[in-house]
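# Survey of secondary and tertiary structure
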Amino acid sequence: MIDNKFALVFAGGGGKGAYEIGVWKALSEKCSLPIGAVSGSSVGALNAAMFAIGELETAEKLWTDLSKDKVLTGRKTDPYAGIAGLLSGQGGGIQEMLSVILGANNGGFFSKDGLEALIKDSGIPEKISSSTIPCYVTCTRKNDMRRSSFLLNKHEPREVTEILLASSAIPFIFPPQTVNGEQYIDGGLTDNIPAAPLYDTGWRKFIVVHLEQCTEAKKESFRQRFPDAGFIHISPEKEQGGFMDGTLDFSRSSAERRISEGYSDTIRQIESGLLSLPEAPQIEMEQH
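Quantities reported herein were computed from a predicted structural model and do not represent experimental measurements. (Residues numbered from 1 in each chain as written. Predicted model: local features only at pLDDT ≥ 70, side-chain atom pairs only at ≥ 80, totals over all residues. Heavy atoms only, no water.)

## Brief notes about the side chain of Ser-131
When you line up the elements, Ser-131 lands in the loop between helix H8 (124–127) and strand E3 (135–141). If near-sequence neighbours (up to four positions away) are discounted, Ser-131 is found in contact with Ala-52, Ile-53 and Asn-153. (Helix = DSSP H or I, 4+ residues; strand = E, 2+ residues; numbered from the N terminus. Contact = heavy atoms within 4.5 Å.)

## Some points on the pattern of salt bridges
Side chains that differ in sign of charge can pair as their charged atoms come close. Inspection of every chain in the model, using the stated rule, returns 17 salt bridges. A salt bridge links Glu-60 to Lys-25; its shortest N-O distance comes to 3.5 Å. Here Lys-25 lies in helix H1 (residues 18–30) and Glu-60 lies in helix H3 (residues 56–64), a separation of 35 residues in the sequence. Here the salt bridges do not stand alone but share partners, grouping Lys-61, Asp-65, Arg-252 and Glu-256 into one network. (Salt bridge = Lys/Arg side-chain N within 4 Å of Asp/Glu carboxyl O.)

## Some remarks on the packing of H1 against helix H14 (residues 252–271)
As a packed pair, H1 and H14 sit with axes 6 Å apart at the nearest point and diverge in direction by 40 degrees. Put simply, H1 runs oblique to H14. Of the two possible hands of crossing, H1 and H14 adopt the one that is right-handed. For the pair H1 and H14, contact is made by Ala-18, Tyr-19, Ile-21, Gly-22, Val-23, Lys-25, Ala-26, Leu-27, Glu-29 and Lys-30 and by Ala-255, Arg-258, Ile-259, Glu-261, Gly-262, Tyr-263, Asp-265, Thr-266, Ile-267 and Ile-270, respectively. (Axes fitted to C-alpha atoms, helices over the stretch in contact; angles between N-to-C directions. Parallel < 35°, antiparallel > 145°, perpendicular 65-115°, else oblique. Left-handed = near helix turned anticlockwise from the far one by under 90°.)

## Some points on the side chain of Thr-247
Along the chain, the position of Thr-247 falls in helix H13 (residues 243–247). By relative accessible area, Thr-247 is classed as buried at 12%. In this structure Thr-247 touches Gly-13, Gly-14, Gly-15, Lys-16, Ile-170 and Gly-242, once residues within four positions along its chain are discounted. (Buried < 20%, exposed > 50% of the residue type's maximum accessible area, 1.4 Å probe, protein only.)

Written out as structure tokens, the structure reads:
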């Protein structure tokens, strides 16, 4: 039964994902809303899986121990020079980008070795199958650019690692990942805030954690896509950075700051009474 339970959705956003750990920490300490399922794209998928196995302390340590050298490993080209050169129209930048497209590092500026080591160290591959919380991970199928969702709990450890790598495979940064013979890339390309996999399996009450400020227009888009569902939105009060200073920012100091901001933003929302769902009594719940 999923009556009176909420589904938690984590957005993708690379290094900005540390913010979600702060939100999770605040929810666990100060909020009594029962959460029965979780979903995520890209780095949000990793955080979602950590949530499903109940490893808050491990997740916080993982994030605060991060560094660029641990995540962005095996560089064969310079992404910063390549992207900057491409934007400025310089030939060198175009050459750097073409070298990636044509096969350098198997389709990415960096290898997936660092991410793979982090996933294995997290304990997720071995623990997720015994979790009572369904965890959905969104990826993008490369050949047709369509969204694909995986129920992580139903897969063996090797496949769990592959699915998480696939969801985090930011184009040009990391190479595509093969899962069951198909190539996949970053889930955020097709659904960066993946409420749909949970909605499609019957969930109608959601807590959505954004990594960018959530405008009224964005809230309205959720109401239009899921008209019989209720949403609580949690989003940063302060901007979390762009591509270079956010998505690719895996420094310890930035992670600590983002965790703190996620925690304080959520506590503020709880104390102000905004963490509520007035639509809930009118929502007819389905069985899961």
